[in-house]
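Coordinate inspection notes
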Amino acid sequence: MRKSSLLQRRILAWLTGALSAVLLTGTLQPQRTTSAALEVTTQERLESEPWWPTMTTAPLKAYAGSDSCKQCHDEGSKSTAMQRAATPGDQSTFLSKAITIPPQSSGITYKIEPTPHGLDYSVSSGGHALTQKLAWVIGAGDLGRTFLYQVDGRWQQSEVSFYTHTAALDITTGLGPVSGDGLVAALGQQLTSQEARACFGCHTVHATTSSGLEPLHAEPGIGCEACHGPARQHVTNLTSSPAQPSAAAVFNPANLSPEDSIDFCGSCHRSSADAKLSVTQDFRLSVVRFQPYRLQESKCWRATKDQRLTCVACHNPHKPLNRDPVSYDRQCLQCHAASASSPAPLHATLVCPRATSNCVTCHMPKVAVPSMHGEFTDHYIRIARAGELIPR
């Protein structure tokens, strides 16, 4: 969709809201049209916004690298899961010994083995074997890691992944039984060019630029420029004129509206519009992995669009994820408690009658996703009752 088309949708949404206001009140009330209300997909964002994560229109020379940011910003030196989102295969050290998965119904045995030169990935059956050198390890390892390799210049996703909670290999989430004959088909699934760009775009920096997909030049993991955009000019300006900081030379997501802020994170973690394009058979369980989408489906978000409910209100992308449930009570109680520190709560009457701490353990329950061999915190904020189906 082109910029003009997106603009037309914004205008139409404004006119629709304005007409509704006239019908309801008899007067034309100012209407704030938000992109989230329009359910703008990431692809539409990439075609209309000045900068958005996974954008590929900048040249490689426009990037400066995260190390250049560390000279002035302490945040850049902290190790986060996002920074460990991808590792070149010849640099990965997560595996200390060979690991195999027993023969599948197809008779295939899978093995990943560390070598002095990286990771070897092999499949075998009936006395025959095929081995590929793994080019990339995708994932920080909190839940698991999957693998990419190349065959005839095309990127492939491994049929099996390593799952942390079981410390074992199993079929990669989203992949079904091996389709096709032979060991080549058993190795994995060929990615389309769009899938490959999306994979590298959400796990590395500048793998895809105006010159095309070139993972060899990628910065592993989600570094500073994945969210703040190309920083070469910013660094150059500060070097030549240190007394005149050039903050305008980089994108600052902190200035986004609450709706746009969630969509910004949703460019990789799946916004509402993106998630609804990804319906699968196990959709009811798999959607809990798409935190921005789940948050946008929450009643309290839909009713308020409040900045205290955005992703970054609870999670600082520059710091490691806080896994202490109690630490999030402060955010919940900003709205759900009337006190001197919260003079204008949005839900002063909706104070939980059961507890004043550990809010997320009840209202954002963890959901087990069998194919991932792990649990996800469901960001659909609600009163979760035992035995009820997970809301879509």
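Since we're looking at a predicted model, the values are computed, not measured. (Residues numbered from 1 in each chain as written. Predicted model: local features only at pLDDT ≥ 70, side-chain atom pairs only at ≥ 80, totals over all residues. Heavy atoms only, no water.)

1. Brief notes about the confidence of the model for the protein
- Mean pLDDT for the protein: 84, with 82% of residues reaching 70 or above.
- Below a pLDDT of 50 lies the segment residues 9-36, which in the model reaches 33 contacts outside its immediate sequence neighbourhood of four places, other chains included. (pLDDT = per-residue confidence, 0-100. Contact = heavy atoms within 4.5 Å.)

2. Remarks on the pairing of strand 10 (residues 168-171)
- Judged from the 4 bridges that link them, strand 9 (residues 160-163) and strand 10 form a sheet pairing that is antiparallel. Within strand 10, the residue paired with tyrosine 163 across the bridge is alanine 168. (Pairing = 2+ DSSP bridges. Helix = DSSP H or I, 4+ residues; strand = E, 2+ residues; numbered from the N terminus.)

3. Observations regarding the sheet that holds strand 2 (residues 99-101)
- Reading across the sheet, the 4 strands line up as 2-3-4-5 and stay open at both edges, with antiparallel pairing between neighbours. Looking at strand neighbours, the two that pair on one side only are strand 2 and strand 5 (128-133), the edges of this open sheet. If you compare each strand with its neighbour and ignore which way they point, the axes differ by 20 degrees on average. (Axes fitted to C-alpha atoms, helices over the stretch in contact; angles between N-to-C directions.)

4. A closer look at the packing of aromatic side chains
- Applying the stated criterion to the full structure yields 8 aromatic pairs.
- Ring geometry for tryptophan 155 versus phenylalanine 200: centroids 5.1 Å apart, planes at 70 degrees, classification edge-to-face. Of this pair, tryptophan 155 sits in strand 8 (residues 154-158) while phenylalanine 200 sits in helix 5 (residues 193-203), and the two are 45 residues apart along the sequence.
- On the basis of relative accessibility, which here comes to 9%, the residue tryptophan 155 falls in the buried class.
- With relative accessibility at 0%, the residue phenylalanine 200 sits in the buried group.
- Between the aromatic rings of phenylalanine 251 and phenylalanine 264, the centroid separation amounts to 5.8 Å while the plane-to-plane angle is 15 degrees, which identifies the pairing as stacked. Taken as a pair, phenylalanine 251 in the loop between helix 7 (232-240) and helix 8 (258-269) and phenylalanine 264 in helix 8 lie far apart in primary sequence, 13 residues in all. There is no split in this pair, since phenylalanine 251 and phenylalanine 264 are both buried.
- Members of the aromatic cluster, connected to one another through ring pairs, are Trp52, Phe251 and Phe264. (Phe/Tyr/Trp six-rings, centres within 6.5 Å; stacked < 30°, edge-to-face > 60°. Buried < 20%, exposed > 50% of the residue type's maximum accessible area, 1.4 Å probe, protein only.)

5. Re the side chain of serine 66
- Note on placement: serine 66 falls in helix 3 (residues 66-69).
- Its relative accessible area of 8% is what places serine 66 among the buried residues.
- Those residues in contact with serine 66, other than ones at most four positions away along the chain, are Glu219, Gly223, Cys224 and Glu225.

6. Some words on the nonpolar core
- One finds Tyr110, Ile112, Tyr121, Leu134 and Leu169 to be the most contacted residues of the largest nonpolar core, which totals 19 residues.
- Within the second largest apolar cluster, 13 residues are counted, among which are Trp51, Ala62, Ala85 and Ile222. (Core = buried A, V, L, I, M, F, W, Y, C linked by side-chain atoms within 4.5 Å.)

7. A short note on the layout of surface pockets
- Of the voids in this model, the second largest pocket is the one considered here, and its volume is about 230 Å³.
- Sorting the residues of the lining of the second largest pocket by element identifies helix 3 and strand 15 (219-220) as the ones contributing at least two each. (1 Å grid on protein atoms, 1.4 Å probe; cavity = no way out; pocket = protein on both sides within 12 Å on 5 of 7 lines; lining within 4 Å. Points joined across faces, edges and corners; volume = space filled by probe spheres on them.)

8. Structural notes on the state of the cysteines
- Considering all chains together, one arrives at 1 disulfide under this definition.
- You can see cysteine 199 has no disulfide; the closest cysteine sulfur is in cysteine 202, sitting 8.3 Å from it.
- For the unlinked cysteine cysteine 314, the closest cysteine sulfur is that of cysteine 332, found at 6.6 Å.
- Judged by its relative accessible area of 32%, cysteine 314 is partly exposed. (Disulfide = S-S within 2.5 Å.)

9. Re helix 5
- Those residues of helix 5 that fall on the buried side of the exposure criterion are Ala196, Cys199, Phe200 and Gly201.
- Where helix 5 is buried, its residues touch strand 6 (136-138), strand 7 (144-151), strand 8, strand 12 (204-205), strand 14 (212-213) and helix 8.

10. As for the pattern of salt bridges
- Summed over the entire model, instances satisfying the criterion amount to 13 salt bridges.
- A salt bridge links glutamate 39 to lysine 276, with the nearest nitrogen and oxygen atoms 2.9 Å apart. Pair noted here: glutamate 39 is in the loop between helix 1 (3-25) and helix 2 (42-46) and lysine 276 is in the loop between helix 9 (272-275) and helix 10 (283-286), with a separation of 237 residues, a long-range link.
- Under the relative-accessibility criterion, lysine 276 is labelled partly exposed at 38%.
- Residues aspartate 142 and arginine 323 are paired through a salt bridge, measuring 3.0 Å at the closest nitrogen-oxygen approach. Of this pair, aspartate 142 sits in the loop between strand 6 and strand 7 while arginine 323 is found in the loop between helix 13 (311-314) and helix 14 (329-335), placing the two residues 181 residues apart along the sequence.
- Residue classification places aspartate 142 among the partly exposed positions, given a relative accessible area of 39%. (Salt bridge = Lys/Arg side-chain N within 4 Å of Asp/Glu carboxyl O.)

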